[in-house]
Amino acid sequence: MSSASADSVRVHLRTYGCQMNVLDSQIITGLLETAGFSVVEDEAEADAFLFNTCSVRDLSERKVLGKLGQLRHARARRPELVFGVCGCMAELSGERLLHKNPHVDFVCGTNCRSHIPSLLVGALQRRLDIAHVTRHNACHLERLRGALASLLARIPPIETNCLIGTAIPEGLDERVARRPHPWHAYVEIMRGCSNFCSYCVVPYARGPEVSRPMDEILRELEQLAAAGCVEVTLLGQNVNSYGRDLEGRSRFALLLRRVSEIPGIRWVRFLTSNPYDISEELVETVASSPKICHQIHFPLQSGSDRILRAMNRKYTCAEYLEKVARIRSAVPDMAFSSDFIVGFPGETEEDFAATYAAMEQVKFANAFIFKYSARRGTAAAALPDDVPRHVKEARHQALLALQSKHTLLAHEAHVGSHVEVLVEGPSKRNPEMLQGRTSRFFNVIFPGQSWWAGTFRTVRVTHATPLALYAEPTA
Ligand code: SAH
Ligand code: SF4
Ligand code: F3S
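Residues numbered from 1 in each chain as written. Chains lettered and ligands numbered in written order. Predicted model: local features only at pLDDT ≥ 70, side-chain atom pairs only at ≥ 80, totals over all residues. Heavy atoms only, no water.

A few words on helix α1 (residues 19-35). Its 17 residues give α1 an end-to-end C-alpha distance of 24 Å, which sits within 8% of 24 Å, the value for a rise of 1.5 Å per residue. Of all 17 residues in α1, 14 are buried, a share of seventy percent or more. Backbone geometry just downstream of α1 places G36 in the positive-phi region, at approximately 110°. (Helix = DSSP H or I, 4+ residues; strand = E, 2+ residues; numbered from the N terminus. Expected span 1.5 Å × (residues − 1). Buried < 20%, exposed > 50% of the residue type's maximum accessible area, 1.4 Å probe, protein only.)

What follows is the structure in structure tokens.
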């Protein structure tokens with residue numbers, strides 16, 4: 001993020017949710033900076049707040065609403081402050097959100113990111129029209145009016161306060177994204193989702209699956225590589241079906257091969273791979289390309305076939321386990337991670353036991369475990385949310401404990417060995433140390449020089465905890 005320039009409108013952008021939203025915020029930052037705004041980290045400096053939101057669970061929405069509620073008081077003191085909401089929650093509950101939070105100036109859905117600068121200009125113009133000059137704010141308002149005038153010379157303001165429901169993605173040039181580090185890039189290969197898992201809002205929040213043309217993705221990656229990018233994470237809600245909407249069949253394996261040919265890029269990752277349509281071609285591609293990392297996020301969700309059917313996941317637990325076995329036979333050191341939902345409507349002790357057993361069998365390197373949260377508009381919302389809260393909680397804790405054991409086992413298996421890491425920077429827990437990731441996406445903490453960030457290093461693992469591997473540099 002840039003620091004505030006004296007005469008520009010300062011926007012504080014807060015991001016909630018998944019990697020898609022992180023990338024969307026990088027794109028929005030680029031759009032704003034190109035338009036002449038400054039994006040600032042410090043809330044106290046902000047002239048405008050923009051929330052890039054998530055609706056995947058009730059808790060995700062409550063986080064946003066809590067923060068929005070807190071900031072309502074800032075508006076009472078500073079009527080010129082602008083509040084905008086974009087992302088999944090804006091798309092799903094735009095009108096309702098405006099109604100319940102009268103201090104929100106505009107909502108902007110997921111497929112109209114390119115309009116955010118114009119929406120901000122329109123909202124700022126409206127706020128400045130009603131802000132009264134007092135002894136305390138005269139200078140500040142004068143600065144803002146000057147900044148607005150220079151924006152208005154280039155950007156048409158949008159009068160509406162609600163821009164949602166545009167299911168088809170805009171033809172936005174995503175190369176505008178401002179990434180925090182030159183060595184890593186999230187790159188979107190498709191938007192939306194057409195899978196309609198019965199619990200999930202994503203298809204409604206993001207619209208149908210739309211793949212980006214392969215040439216466009218490769219051009220973006222070539223430019224990133226030329227600018228020093230060594231690691232990419234290709235993003236899509238289900239990358240396995242990349243290209244199906246364009247050519248009638250998946251082109252994901254081909255895309256991976258083409259990405260792997262780009263000079264400079266050393267590690268290729270992808271997210272997320274839905275188990276129902278992972279192909280043999282993809283498994284062979286991962287096995288045969290040394291650049292594709294041996295890490296796969298492969299969400300099982302539940303080990304019970306009855307629940308999987310009710311979730312509309314399109315695979316059985318046995319099919320899932322067969323796919324895991326097939327991948328392991330081709331790529332023996334593949335690190336699997338998964339998502340699980342506990343307490344889906346009708347989940348019995350027996351269903352839960354099947355999930356627990358599947359987790360014990362696969363021994364995931366990592367897993368994200370969620371308590372079912374009924375989402376308005378989804379198919380599962382019509383089912384009674386009948387697993388009592390304390391039962392959901394107990395199942396959640398049981399899976400967390402089991403996963404923690406498996407993560408520790410996976411970590412301990414590294415002790416004594418040398419691993420290559422891509423250094424990310426100072427460790428979040430201990431800034432004296434560095435943090436990096438192995439190709440299998442294990443988190444490693446080790447001492448070193450701050451300028452190592454963005455470089456590959458080989459370190460020797462000395463011990464492990466459920467959270468990380470600890471290592472020392474090798475000579
Ligand atoms: N496209 C990705 C998932 C994106 S949502 C995939 O198919 O894996 C991330 C995770 O959130 C899901 O895998 C699921 O485990 C969880 N999730 C989604 N909707 C949920 C809900 N209504 N309640 C609880 N967890 C949910
Ligand atoms: Fe949601 Fe299923 Fe699409 Fe993933 S594949 S985003 S869980 S509907
Ligand atoms: Fe949340 Fe939207 Fe991602 S609902 S999980 S931010 S696609």
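Neighbouring ligand 2 are the residues C193, N195, F196, C197, Y199, C200, V202, P203, Q237, N274 and R313. Along the lines of polarity and charge, the residues of the shell around ligand 2 split into seven nonpolar, three polar and one charged. (Near = heavy atom within 4 Å. Nonpolar A, V, L, I, M, F, W, Y, C, P; charged D, E, K, R; others polar.)

With that out of the way, let us pick up the packing of helix α10 (residues 280-288) against helix α12 (residues 317-330). The geometry of α10 relative to α12 is characterised by a closest axis approach of 9 Å and an angle of 30° between their N-to-C directions. As summarised for this structure, α10 and α12 are arranged roughly parallel, according to the angle between their axes. Read as a crossing pair, α10 and α12 show a hand that is right-handed. For the pair formed by α10 and α12, the contact residues are E280, V283, E284 and A287 on the first element and R326, I327 and A330 on the second. Class assignment of the residues belonging to the contact of α10 with α12 gives a composition of four nonpolar, no polar and three charged. (Axes fitted to C-alpha atoms, helices over the stretch in contact; angles between N-to-C directions. Parallel < 35°, antiparallel > 145°, perpendicular 65-115°, else oblique. Left-handed = near helix turned anticlockwise from the far one by under 90°. Contact = heavy atoms within 4.5 Å.)

Side chains of strand β17 (residues 443-446) alternate between two faces, with N443 and I445 and V444 and F446 buried alike. Strand direction decides the pairing type here: strand β16 (residues 434-438) and β17, joined by four bridges, are antiparallel. Each residue of the ladder has a partner; that of G436, found in β17, is V444. What sits between the antiparallel neighbours β16 and β17 is a turn of four residues, in which F441 has the positive phi angle 75°. One ladder, built from two bridges, connects β17 with strand β19 (residues 469-473); its direction is parallel. Considered in β19, the bridge of I445 is made with Y470. (Pairing = 2+ DSSP bridges.)

With that settled, the discussion passes to the sheet that holds strand β6 (residues 162-163). A sheet is described by the order of its strands in space; here six strands give the open sequence β2-β1-β3-β4-β5-β6, paired in parallel fashion. Only two strands of the sheet have a single neighbouring strand rather than two, namely β2 (38-39) and β6. Alignment of strand β1 (residues 10-15) against β2, held across two bridges, turns out to be parallel. For V11, the partnering residue across the bridge sits in β2 and is V39. Here helix α2 (residues 58-77) sits on the sheet in contact with β1, β3 (48-53) and β4 (82-87), set at roughly 170° to β3.

Running from amino to carboxyl end, α12 crosses helix α13 (residues 349-362) at an angle of 10°, the nearest separation of the two axes being 11 Å. Here α12 is positioned roughly parallel relative to α13, judged by the angle of their axes. On the side of α12, the interface is formed by C317, Y320, L321, V324 and R328, while α13 contributes A358, Q361 and V362. Class assignment for the residues of the contact of α12 with α13 results in six nonpolar, one polar and one charged.

As a further point, take the sheet that holds strand β10 (residues 231-235). Sheet strands pair by backbone hydrogen bonding; their relative direction is either parallel or antiparallel. Read from one edge to the other, the open sheet built from three strands follows the order β7-β10-β11, with strand pairing classed as parallel. Each end of this open sheet is capped by a strand with a single partner; those strands are β7 (184-188) and β11 (267-271). This sheet shows a mean twist of 20° between the axes of neighbouring strands, independent of strand direction. Relative to β11, β10 is paired through five bridges, and the arrangement is parallel. Bridge pairing links L234 to F270 in β11.

Under the domain assignment, the protein chain is made up of domain 1 (10-163), domain 2 (175-412) and domain 3 (418-473). Relative to domain 3, the C-alpha centre of domain 2 lies at a distance of 25 Å. Across the contact, 18 residues belong to domain 2 and 20 residues belong to domain 3. The contact between domain 2 and domain 3 buries some 1600 Å² in all, and 66% of this surface belongs to carbon and sulfur atoms. Broken down residue by residue, the surface that domain 2 buries against domain 3 is led by W183, W267 and H411, which jointly contribute 43%. (Domains from an automatic or database assignment. Buried area = accessible area lost by both parts, 1.4 Å probe.)

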